[in-house]
Amino acid sequence: MLYRTIVSISLIFTVMGCSLADPSSSSTMAAKETPNASFGAVASPDQYGALVAEQILAQGGNAVDAAIATAFSLAVTYPEAGNIGGGGFMTIWYEGQPYYLDYRETAPGAAYRDMYLDEHGEVIPDLSLVGVKASGVPGTVMGMWEAHQKFGQLPWADLIQPAIYYAENGFEVSDKQAIYRSNLFEKLAETTNFMDYFGTMQAGTLLVQEELAATLKRIAEQGPADFYQGQTAALLVAQMERDGGLITHEDLQNYRAEWRTPLVIDWQGHQLVTAPPPSSGGIALAQLLGIKERLAEHFEQVPHNSPQYVHLIAEIEKRVFADRADYLGDPAFTTVPQAELLAVDYLERRAAEINPTAISVTADVKPGLESYNTTHFSIIDQYGNAVSNTYTLNLSYGNGVVVEGAGFLLNNEMDDFSAKAGVPNAFGVVGSDANAIEPGKRMLSSMAPTLLVRDDEVAMVIGTPGGSTIFTSIFQVINNVYDFGMSLSDAVSAPRFHHQLLPKDQITMEPYGELDATTQAELRARGYQLVTQGWNLGDIQAIQVVDGQIQAVADPRGRGVAKVFEHPQK
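Computed from a prediction, not measured in an experiment: that's the story for all the values here. Position numbers for residues count from 1 along each chain, tracking the sequence in the order it is written. Confidence filtering applies because this is a predicted model: local features only for residues at pLDDT of at least 70, side-chain atom pairs given and counted only at 80 or more, and all residues used for totals across whole chains, interfaces and linings. In computing side-chain properties, one takes all heavy atoms of the structure into account and sets aside hydrogens as well as water.

Student: What am I meant to see in the environment of Pro495 here?
Tutor: The helix and strand labels rest on DSSP assignments: H or I over at least four residues marks a helix, E over at least two residues marks a strand, and numbering proceeds from the N terminus. Structurally, Pro495 can be placed in the loop between helix H18 (488–493) and strand E14 (506–509). Under the relative-accessibility criterion, Pro495 is labelled partly exposed at 27%. Contact criterion: two residues are considered in contact whenever any of their non-hydrogen atoms come within 4.5 Å of each other. Ignoring any residue separated from it by four or fewer positions in sequence, one finds Pro495 in contact with Asn305, Glu510, Gly513, Glu514 and Arg557. When a residue's accessible area, from a 1.4 Å probe over protein chains only, is under 20% of the maximum for its type it is buried; when over 50% it is exposed; and in between it is partly exposed.

Dropping the structure here:
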């Protein structure tokens with residue numbers, strides 16, 4: 001297991017009367033015994049989110065309070081993905097019941113099906129990725145408000161104070177933050193105002209965001225009314241008007257977060273509680289686990305990440321991505337055959353199609369019915385409640401546009417629609433009419449904030465960023481824990497791989513840890529193309545509770561921090 005220590009910083013955290021705990025003892029893994037269930041835990045993508053969650057729980061807040069405070073703090077300290085200009089999903093376990101909150105972005109009212117195509121019907125490069133036309137209507141502020149209205153215990157304004165503090169006083173820029181896709185900075189500088197706000201980021205220095213601090217103060221005082229109808233809304237619309245974007249005052253006023261019925265599936269004595277549409281992630285994860293379970297005999301005595309294991313997983317993933325391409329979209333605009341995709345007989349039929357000895361011909365893998373950058377954190381409180389939250393700007397730093405006067409980045413989630421049926425998006429994923437652009441529609445996502453529950457108590461809280469690799473990464477970590485008996489830390493740190501139907505017969509590896517040379521050679525001999533991409537497969541943040549012991553793990557691929565802490569029950 002790779003452990004990573006976070007360097008201490010000199011800031012004094014005075015919010016809510018708390019001093020800044022020394023993060024030098026924080027690492028990618030923490031664990032404690034919990035005989036009285038009086039411990040809380042967090043796995044956060046950075047040290048600031050972890051510290052804020054700990055402080056909120058220490059104040060008697062619950063997991064939802066901690067999640068809201070963490071989300072706003074990451075909007076300051078993790079600008080490449082944490083956000084108030086994006087959206088996401090939150091899976092909640094509260095007082096023994098599952099809940100799911102959809103605060104995904106929506107297409108503006110002026111959006112239309114072929115808006116990213118030229119006069120010849122071809123996709124215009126980067127138009128759905130860079131600049132204001134790439135932005136959907138943001139949902140994060142409304143999502144956090146809805147979560148607070150339903151479950152919050154501490155005052156709303158108190159939960160935003162840590163974020164205000166870090167925006168006003170600065171946070172220390174990390175090495176990974178400063179070098180994050182340096183070529184991207186050059187690209188954004190050509191057409192956006194990105195460098196005016198983030199061009200001076202240097203590792204080890206403080207980044208102060210005064211405009212963002214003022215915006216957060218307004219949101220703390222006025223709630224979502226400021227963001228969707230007030231001064232912040234006016235600044236956002238003014239940015240759209242200056243740059244030729246589509247979002248209007250009416251779009252902002254009409255935005256709603258939606259409470260949906262979570263997807264709950266029985267699996268190996270657990271309940272898998274995960275994301276329903278408009279996320280594809282929950283259905284895909286359930287399919288992956290369900291098909292693999294029905295191929296148990298083929299996995300017997302097959303070593304972890306061996307050539308045969310990789311082949312079998314790729315065969316399963318190929319079929320799941322075929323289903324994703326044709327059937328999944330916003331349930332308000334298209335009929336999603338969720339029950340049929342997860343039916344026992346359907347999973348058995350898909351399992352029967354797997355070729356255990358050779359690569360299935362990609363062109364023959366059809367939908368089976370009669371059709372990067374994101375961030376995640378996991379929290380469990382001293383009361384047994386839990387939050388798995390994934391939210392995003394889509395690619396790193398979104399579309400590169402900062403709302404002038406408000407200080408926050410906008411998303412490029414419009415790329416998650418199918419700009420043209422059969423044409424891959426930025427993650428190489430193809431779609432169909434089910435995910436075509438329509439005004440007010442939520443774009444399909446792969447985000448899959450997930451819980452595993454056993455005997456009505458949370459056993460695991462897990463999620464990750466990674467675009468189309470989100471649910472395959474979660475799938476592999478769950479397999480590592482429950483099928484291979486790995487500790488959570490080993491399961492998260494093990495090398496991962498990915499296959500998604502297209503590109504044809506391609507197995508994607510990661511710089512963090514490639515498959516071993518013998519496995520690679522055998523996979524190539526079978527006909528696979530192996531590619532090591534320039535970024536890692538996910539940034540898992542996970543918590544597990546087993547036999548009175550709680551463990552929290554932050555993926556060593558990132559700069560996350562895991563904490564387990566004891567607080568008196570109040």
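Student: Please clarify how the pairing of strand E8 (residues 263–267) should be interpreted in this entry.
Tutor: For a regular strand, side chains alternate in direction, first toward one face of the sheet and then toward the other. Being paired, for any two strands, means DSSP has found at least two bridges between them. Sheet topology note: the E8/strand E9 (residues 270–274) ladder contains 5 bridges and is antiparallel. Counterpart to Asp266 in the pairing with E9 is Gln271.

Student: In this structure, what is going on with the side chain of Lys563? I would like to understand it.
Tutor: If you trace the backbone, Lys563 turns up in strand E18 (residues 561–566). Among the polar contacts made by the side chain of Lys563, one reaches the side chain of Glu54 at a distance of 3.2 Å. Pairing of N or O atoms within 3.5 Å defines a polar contact, subject to two protein rules: one partner must be a possible hydrogen donor and the other a possible acceptor, and residues neighboring in sequence count only if both atoms are side-chain atoms.

Student: Sorry, what's going on with the UniProt feature "binding site: L-glutamate" (unreviewed entry) in the protein here?
Tutor: Here the UniProt-annotated "binding site: L-glutamate" (unreviewed entry) positions come out as Arg104, Thr392, Leu393, Asn394, Asp416, Ser445, Ser446 and Gly467. Assignment of secondary structure puts Ser446 in the loop between strand E11 (386–394) and strand E12 (450–454). On the basis of relative accessible area, Ser446 is assigned to the buried category, the value being 7%. Leaving out residues up to four positions away in the same chain, Ser446 has contacts with Ser279, Ser280, Gly281, Arg324, Gly467, Ser468, Ile470 and Phe471. Among the structural elements, Gly467 can be located in the loop between strand E13 (457–463) and helix H17 (470–482). UniProt positions are given in the numbering used here, feature names are shortened, and annotations may be inferred rather than shown by experiment.

Student: When you look at the sheet that holds strand E10 (residues 373–380) in this model, what are you seeing that I'm missing?
Tutor: Either a parallel or an antiparallel arrangement is found when strands of a sheet pair, and the pairing is made through backbone hydrogen bonds. Taken in spatial order, the 7 strands of this open sheet run E7-E4-E3-E11-E10-E2-E18, and their pairing is antiparallel. Looking at strand neighbours, the two that pair on one side only are strand E7 (258–260) and E18, the edges of this open sheet. Here the average twist between neighbouring strands, direction ignored, is 15°. Axis definition: a line fit to C-alpha positions, over the contact stretch in the case of helices; interaxial angles, taken between N-to-C directions, run 0 to 180 degrees.

Student: In this structure, what is going on with the pattern of salt bridges? I would like to understand it.
Tutor: For side chains of opposite charge, pairing can occur when their charged atoms come near one another. Salt bridges, as used here, are contacts in which a Lys or Arg side-chain nitrogen is within 4 Å of a carboxyl oxygen on Asp or Glu. Here the structure, examined in full by the defined rule, presents 23 salt bridges. Of the charged contacts in the structure, one is a salt bridge between Glu54 and Lys563, with a shortest N-O distance of 3.2 Å. Side by side, Glu54 and Lys563 carry an identical accessibility label, which is buried. Among the ionic pairs, Arg557 bridges to Asp555, the shortest N-O distance being 2.9 Å.

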